[in-house]
Amino acid sequence: MRQQARAIETRAAIIRGAAEAFEQRGYGSTSLAQVSAAAGVTKGALYFHFDSKEALAVAIITAQHEKSVDAGRQLLENNTPGLRALVSMSYELARQLRDDQVVSAGVRLTIEAVNFSTPVSAPYRDWMVACEEFLRRGIADGDVASTIDVPAAARFCTAGFTGVQVVSDVLTRRGDIDQRLTEMWALILPGLVAPGRWDDLKNLAADVQRQRAADRP
């Protein structure tokens, strides 16, 4: 049991160190020697857990995806109104990108996955499915127009968030990501909100942003 616990700790340390290295340099410019140095382990220990750089990158993407999916699952299980859950999820992902290096590295690696032997598309597909669930709940709530093309809207929201976080990262290291998301939702929400609900929901994104800022420790 002690040896197993040590192996788990070593694997976690490798993932943290690799996330730091990949986040700083990107997939193509990071060597396994740099990963082992950042993780504080020998190359032998690294190869014991991961047989290639790509396997390590995929493990980081998986760890990131698990954290992000868990946040979406909590919003669904808490019976948060669908449209509010959709908007809240974007700000929670933004927080994870700012505060969690594994999440930040995982998202960067997902974008860079065109370099992998096996393309990584599951995170995008899973988030589109989650967005569809939020939107369908929003329709049932009466907040989202029943006439919208739900799959198309889910694809667009996923792509919109991806673009916003990338540009925010390039320009401000995501220092302005919350403000940029509020702008994004100000443009998207008029196309989603059901007739008669606009007056109640037009400030939804700004309200969610303010509430999350107030709840920060």
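Scoring rules and cut-offs
- Residues numbered from 1 in each chain as written.
- Predicted model: local features only at pLDDT ≥ 70, side-chain atom pairs only at ≥ 80, totals over all residues.
- Heavy atoms only, no water.
- Axes fitted to C-alpha atoms, helices over the stretch in contact; angles between N-to-C directions.
- Helix = DSSP H or I, 4+ residues; strand = E, 2+ residues; numbered from the N terminus.
- Parallel < 35°, antiparallel > 145°, perpendicular 65-115°, else oblique.
- Left-handed = near helix turned anticlockwise from the far one by under 90°.
- Contact = heavy atoms within 4.5 Å.
- Nonpolar A, V, L, I, M, F, W, Y, C, P; charged D, E, K, R; others polar.
- 1 Å grid on protein atoms, 1.4 Å probe; cavity = no way out; pocket = protein on both sides within 12 Å on 5 of 7 lines; lining within 4 Å.
- Points joined across faces, edges and corners; volume = space filled by probe spheres on them.
- Phe/Tyr/Trp six-rings, centres within 6.5 Å; stacked < 30°, edge-to-face > 60°.
- Lys NZ or Arg CZ within 6 Å of the ring centre and 35° of its normal.
- Core = buried A, V, L, I, M, F, W, Y, C linked by side-chain atoms within 4.5 Å.
- Buried < 20%, exposed > 50% of the residue type's maximum accessible area, 1.4 Å probe, protein only.
- Salt bridge = Lys/Arg side-chain N within 4 Å of Asp/Glu carboxyl O.
- Patch = residues over 30% accessible without salt bridge, like charges linked within 9 Å, V, L, I, M, F, W, Y side chains within 5 Å.
- Areas by Shrake-Rupley, 256 points an atom, 1.4 Å probe, with all protein chains shown as cover.

Below, the discussion takes up the packing of helix α5 (residues 82-99) against helix α8 (residues 150-172). Between α5 and α8, whose axes approach to 12 Å, the crossing angle comes to 30 degrees. Taken together, the axis directions place α5 and α8 in an arrangement best described as roughly parallel. Of the two possible hands of crossing, α5 and α8 adopt the one that is right-handed. The residues of α8 that touch α5, namely those facing L86, S90, L93, A94 and L97, are C157, F161 and Q165. Here the residues of the contact of α5 with α8 sort into six nonpolar, two polar and no charged.

Turning next to the layout of surface pockets. Of the pockets and cavities examined, the largest pocket occupies roughly 370 Å³. If you go around the largest pocket, you meet 15 residues; those closest to its centre are L75, S88, E92, R212 and D215. Where the lining of the largest pocket is concerned, the elements lending two or more residues are α4 (53-77), α5 and α11 (204-215). The class makeup of the residues in the lining of the largest pocket is three nonpolar, five polar and seven charged.

Let us look at the packing of α5 against α11. Where α5 meets α11, the closest approach of the two axes is 10 Å, and the angle between their N-to-C directions is 45 degrees. Relative to α11, the element α5 is oriented oblique. The hand of the α5/α11 crossing is right-handed. Within the contact between the two elements, α5 uses L83, R84, V87, S88, Y91, E92 and R95 and α11 uses L204, A205, V208, Q209, Q211 and R212. Taken together, the residues that form the contact of α5 with α11 break down as six nonpolar, three polar and four charged.

Another aspect to go through is the packing of aromatic side chains. Following the criterion strictly, the structure yields two aromatic pairs and no others. Residue placement shows K53 over the ring face of Y27; its charged tip is 4.5 Å from the ring centre.

Core analysis: the biggest nonpolar cluster contains 40 residues, and L83, L86, L135, W185 and L192 have the highest contact counts within it. The leading source of residues in this core is α5, at nine residues. When neighbours within four sequence positions are excluded, L192 is seen to be in contact with L83, L86, L135, D143, V144, A145, I148, A153 and W185. The next biggest cluster of nonpolar side chains, apart from the first, holds 25 residues, and it includes Y27, F50, A63 and A105.

Here the focus is the environment of I60. As for its position among the elements, I60 is in helix α4. Judged by its relative accessible area of 0%, I60 is buried. When the C-alpha atoms of I60 and H49 are compared, they prove to be 13 Å apart, with 11 residues separating the residues in sequence. Discounting residues that sit within four places of it in the chain, I60 has contacts with I15, A18, A19, F22, V102, A105, G106 and L109.

Take the pattern of salt bridges next. Overall, the coordinates contain 16 salt bridges when judged by the stated rule. Its salt-bridge partner being R173, residue E23 comes within 3.3 Å of it at the nearest N-O pair. Of this pair, E23 sits in helix α1 (residues 2-25) while R173 sits in the loop between α8 and α9 (177-188); the two residues are 150 residues apart in sequence, bridging distant segments of the chain. The exposure class of E23 is buried, given its relative accessible area of 10%. For R173, a relative accessible area of 56% gives the class exposed. The salt bridge partner of D169 is R173, with a shortest N-O separation of 2.9 Å. Overall, D169 belongs to the buried group, its relative accessible area being 17%. Linked by salt bridges that have partners in common, E23, D169, R173 and R174 make up one network.

Taken together, the side chains of I111, V166, V167, V170 and L171 make up a nonpolar region of the molecular surface, amounting to roughly 450 Å² of accessible area. Relative to the helices and strands, I111 is located in helix α6 (residues 101-111). Here I111 falls in the partly exposed class, since its relative accessible area comes to 37%.

Honestly, that's just the spatial picture; any functional story needs more than this.
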